[in-house]
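The primary structure of each chain is shown beneath.
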Amino acid sequence: MAINFDEVEVGTQLPAQSFQVTRATLVRYAGASGDFNPIHWNERFAREVGLPDVIAHGMFTMAEAVRVVTDWIGDPAAVVDYGVRFTRPVPVPNDEAGSVIEVSGKVAALLEDRRVRVDLLATFEGQKVLGMSRAVVQLG
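All figures in this text were calculated on a predicted structure; none of them were measured in a lab.

Conventions and cut-offs
- Residues numbered from 1 in each chain as written.
- Predicted model: local features only at pLDDT ≥ 70, side-chain atom pairs only at ≥ 80, totals over all residues.
- Heavy atoms only, no water.
- Helix = DSSP H or I, 4+ residues; strand = E, 2+ residues; numbered from the N terminus.
- Buried < 20%, exposed > 50% of the residue type's maximum accessible area, 1.4 Å probe, protein only.
- Contact = heavy atoms within 4.5 Å.
- Areas by Shrake-Rupley, 256 points an atom, 1.4 Å probe, with all protein chains shown as cover.
- Lys, Arg positive; Asp, Glu negative; His and termini not counted.
- Charge placed at Lys NZ, Arg CZ, Asp CG, Glu CD.
- Pairing = 2+ DSSP bridges.
- Phe/Tyr/Trp six-rings, centres within 6.5 Å; stacked < 30°, edge-to-face > 60°.

Turning next to the overall build of the protein. The helix and strand tally for the protein stands at three helices and six strands. The linear arrangement of helices and strands in the protein, starting from the amino end, is β-α-α-α-β-β-β-β-β. Counting only C-alpha atoms and orienting by the principal axes, one finds that the protein spans roughly 55 × 30 × 25 Å. By the burial criterion, 43% of the 140 residues in the protein qualify as buried. Within the protein, residue pairs in contact and separated by at least 24 positions form 67% of the contacts whose partners lie at least 6 positions apart. As presented, the protein carries roughly 7,700 Å² of accessible surface, and 51% of it is formed by carbon and sulfur atoms. Averaged over its 13 positive side-chain charges, the protein has a centre that lies 5 Å from the centre of its 18 negative ones.

So, about the pairing of strand 3 (residues 99-110). The pairing of strand 1 (residues 13-21) with strand 3 spans seven bridges and is antiparallel. Paired with Gln 20 across the strands is Val 100, a residue of strand 3. Here strand 3 pairs with strand 4 (residues 115-124) via nine bridges, running antiparallel. Counterpart to Gly 105 in the pairing with strand 4 is Leu 120. Hairpin remark: strand 3 followed by strand 4, antiparallel, with four residues in the connecting loop; positive phi at Asp 113, about 60 degrees.

Next up on the list: the packing of aromatic side chains. Throughout the structure, instances matching the rule amount to one aromatic pair. Look at Tyr 29 and Phe 60: their rings are 5.5 Å apart centre to centre, the planes differ by 70 degrees, and that puts the pair in the edge-to-face class. Here Tyr 29, found in helix 1 (residues 23-33), pairs with Phe 60, found in helix 3 (residues 58-73); they are 31 residues apart in sequence, far enough to count as distant.

In structure tokens, the structure reads:
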């Protein structure tokens with residue numbers, strides 16, 4: 001289902017999603033990305049450097065958040081620009097439940113060349129974990 005630029009307006013809400021993150025998720029992401037920083041897998045080390053627990057990779061959190069956009073548009077290649085600021089870590093406890101990142105998005109601006117800017121809100125336990133999370137999307 002292609003999203004048509006002419007049918008989108010400022011304020012259009014994208015379907016919100018929840019993303020579960022467990023320690024197993026972090027292990028798989030570390031292997032795929034090559035990011036084996038011990039703050040993402042070693043609880044003792046994470047606490048020694050002042051973190052509350054092992055934390056999710058920032059780039060993983062960023063990638064999960066943009067899935068709201070790619071699932072909405074149906075084509076990851078339609079995302080022509082994407083950026084965030086990392087504002088708060090996502091601690092991931094050593095249990096089956098892990099943590100849940102909640103992500104919502106809305107069309108914030110109609111741009112030239114049939115593009116839109118989508119602003120995302122990514123939270124963990126009600127607190128924003130990504131700031132200035134924005135994607136520019138090419139629509140049909």
